[in-house]
Amino acid sequence: MRAVMHHEFGDPADVLGVEEIDVPEPGPGEVRLRTLLAAIHNHDLWTIRGSYGFKPEMPARAGTEAVAVVEAVGEGVDHLAVGQRVASGGTFGAWAEQFIARAGGLIPVPDGLSDEVAAQLVSMPFSAISLLESLDLAPGDWLVQNAANGAVGRMVAQLGAARGINVVGLVRRSAGVEELAAHDIGRIVATDTDDWAEHVRAIVGDAPIKVGVDSVGGRASGEVLSLLAESGTLVVFGAMQSPTMEISSGDVIFKQATVKGFWGSTVSRTMPADQRRALFGELIQRIGEGSLTLPVDTIYSFDEVRTAAAANMEPGRTGKILLRP
């Protein structure tokens, strides 16, 4: 079978290629899946660069999420059937014609859900809804986030609105405001003007902003923290611009702020099964009613994986980059 591989860490546009490898066989509690579509995530590319929390041994496969069809089941798997369509997230090596996944981590895909949506159902949407779930916000509370035009940023805005949470989004370019407006996402402020913080205050009024989500790093971390109310919480979700956060010690001290991290892989792995099922149920409900949208920008073949990786980093994308075997 064909699989996307790399033999060294580096720029995905330079090190990725497609190779023939042996078809794997599922062990106890596992299934072999035939890939229909696979998603490209930032953390996939960080892993290929060698800058993520997980570093595979070389030569390495790539990718972590796909919609696929069950091809074979291992011993003890009785809740999935050959031919069934499932979504898999957090399964390393998903950029391949076939791959092995833990049966217990797979999500059966309803007939009404397209492959394009199912291919990106798990990692980003589940991270977004798990993040919201962890923040202990009530309807009417305020949250501010940067990278609002990123995939998770859009989902947090949509899911927050569906839950009655007020979300203010920060983007680095004024054009980002219009891009999100096209998806019916408002309360967006561009930070490329000197008075951007005043625009945020005009939106929020006197209400306290209880939580800020930082996905950028660098100076942007401090910008989010500066908007928080006393006893507010800054949640570090990513570091798109810089691995170092620039925050004011005065804001931390005098606001009595809390700064903490959020890693979706750990949260998902440790979450009780009932809660996990409930959150996936909510995701499918929100997609069905149209309050959560998962658009696709472009679908590339495996042979175009280097081009696809480069396209994933281009600003102004309106949807997900997907791979087809």
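Cut-offs used in this document
Residues numbered from 1 in each chain as written. Predicted model: local features only at pLDDT ≥ 70, side-chain atom pairs only at ≥ 80, totals over all residues. Heavy atoms only, no water. Buried < 20%, exposed > 50% of the residue type's maximum accessible area, 1.4 Å probe, protein only. Helix = DSSP H or I, 4+ residues; strand = E, 2+ residues; numbered from the N terminus. Pairing = 2+ DSSP bridges. 1 Å grid on protein atoms, 1.4 Å probe; cavity = no way out; pocket = protein on both sides within 12 Å on 5 of 7 lines; lining within 4 Å. Points joined across faces, edges and corners; volume = space filled by probe spheres on them. Nonpolar A, V, L, I, M, F, W, Y, C, P; charged D, E, K, R; others polar. Axes fitted to C-alpha atoms, helices over the stretch in contact; angles between N-to-C directions. Salt bridge = Lys/Arg side-chain N within 4 Å of Asp/Glu carboxyl O. Lys, Arg positive; Asp, Glu negative; His and termini not counted. Contact = heavy atoms within 4.5 Å. Left-handed = near helix turned anticlockwise from the far one by under 90°.

Observations regarding the pairing of strand 5 (residues 65-73)
- Within strand 5, seven of the nine residues are buried, which leaves it mostly tucked inside the rest of the structure.
- In this structure, strand 3 (residues 30-39) lies alongside strand 5, joined through seven bridges in antiparallel fashion. Each residue of the ladder has a partner; that of alanine 38, found in strand 5, is alanine 66.
- Here strand 5 runs beside strand 6 (residues 85-89); their pairing, made up of five bridges, is antiparallel. By the bridge assignment, valine 69 is partnered in strand 6 with arginine 85.

Looking at empty space enclosed by the protein
- For the structure on display, the rule yields two cavities of 30 Å³ or more.
- What lines the second largest cavity is simply Gln120, Ala151, Arg154, Met155, Thr293, Leu294, Pro295, Gly319 and Lys320.
- Of the residues forming the lining of the second largest cavity, the biggest block, three residues, is contributed by helix 5 (residues 151-162).
- Per-class residue counts for the lining of the second largest cavity are four nonpolar, three polar and two charged.

Things to note about the layout of surface pockets
- By volume, the second largest pocket amounts to about 230 Å³.
- Along the walls of the second largest pocket sit His79, Gly104, Leu106, Ile107, Pro108, Ala273, Arg276, Arg277, Phe280 and Ile284, which together make up its complete lining.
- Listed by contribution, the elements that provide at least two residues to the lining of the second largest pocket are strand 8 (107-108) and helix 11 (273-289).
- When residues of the lining of the second largest pocket are assigned to their parent elements, the largest contribution, five residues, is made by helix 11.
- Grouping the amino acids of the lining of the second largest pocket by side-chain chemistry returns six nonpolar, two polar and two charged.

What about the sheet that holds strand 10 (residues 166-171)?
- In spatial order, the strands read 11-10-9-12-13-14; together these six strands make up an open sheet with parallel pairing. Each having just a single partner strand, strand 11 (188-190) and strand 14 (258-261) make up the two edges of the open sheet. Strand-to-strand twist across the sheet, computed as the mean angle between neighbouring axes with direction ignored, equals 20°.
- Two elements, strand 12 (residues 209-214) and strand 13 (residues 233-236), share four bridges in a ladder whose sense is parallel. Paired with aspartate 214 across the two strands is valine 236, which belongs to strand 13.

Points about the pattern of salt bridges
- Following the criterion strictly, the structure yields twelve salt bridges and no others.
- In this structure, aspartate 303 engages arginine 2 in a salt bridge whose closest nitrogen and oxygen atoms are separated by 2.5 Å. Here aspartate 303 is found in the loop between strand 15 (296-301) and helix 12 (305-312), whereas its partner arginine 2 is found in strand 1 (residues 2-6), with 301 residues between them in sequence.
- What emerges from the salt-bridge pattern is a single network uniting Glu133, Arg163, Glu282, Arg286 and Glu289.

Points about the sheet that holds strand 1
- Spatial strand order, 2-1-4: three strands in an open sheet with antiparallel pairing. The outermost strands of the open sheet, each flanked by one partner alone, are strand 2 (17-20) and strand 4 (60-61).
- The sheet contact formed by strand 1 and strand 2 spans four bridges and is antiparallel. If you follow alanine 3 over to strand 2, its bridge partner there is glutamate 19.

Some remarks on the side chain of lysine 320
- Relative to the helices and strands, lysine 320 resides in strand 16 (residues 320-324).
- The buried charged residue lysine 320 lacks any salt bridge, with glutamate 65 as its nearest oppositely charged partner at 6.9 Å.
- Ignoring sequence-local partners within four residues, the contact set of lysine 320 consists of Ala39, Ile40, His41, Gln120, Met124, Ala151, Pro295, Val296, Asp297 and Thr298.

So, the packing of helix 7 (residues 196-204) against helix 8 (residues 219-227)
- Running from amino to carboxyl end, helix 7 crosses helix 8 at an angle of 35°, the nearest separation of the two axes being 11 Å. Helix 8 is crossed by helix 7, and the crossing has right-handed handedness. Residues Trp196, Ala197, Val200 and Arg201 of helix 7 touch helix 8, and the partners they reach there are Glu223, Ser226 and Leu227.
- Of the residues that constitute the contact of helix 7 with helix 8, the class distribution is four nonpolar, one polar and two charged.

Observations concerning the side chain of glutamate 282
- Locating glutamate 282 in the fold gives a position in helix 11.
- Note on glutamate 282: relative accessible area 14%, which makes it buried.
- For glutamate 282, the residues in contact, after removing those within four places along its chain, are Ile129 and Arg163.

Re unusual backbone geometry
- Note that the residue after methionine 58, namely proline 59, is joined by a cis bond; omega there is -10°.
- Here proline 59 lies in the loop between helix 2 (42-49) and strand 4.
- A positive phi angle, near 55°, is found at aspartate 136, a position not held by glycine.
- Examined against the element boundaries, aspartate 136 turns out to sit in the loop between helix 4 (123-134) and strand 9 (142-145).
- For glutamine 256, which is not glycine, the phi dihedral falls at a positive 50°.
- One can find glutamine 256 in the loop between helix 9 (249-254) and strand 14.

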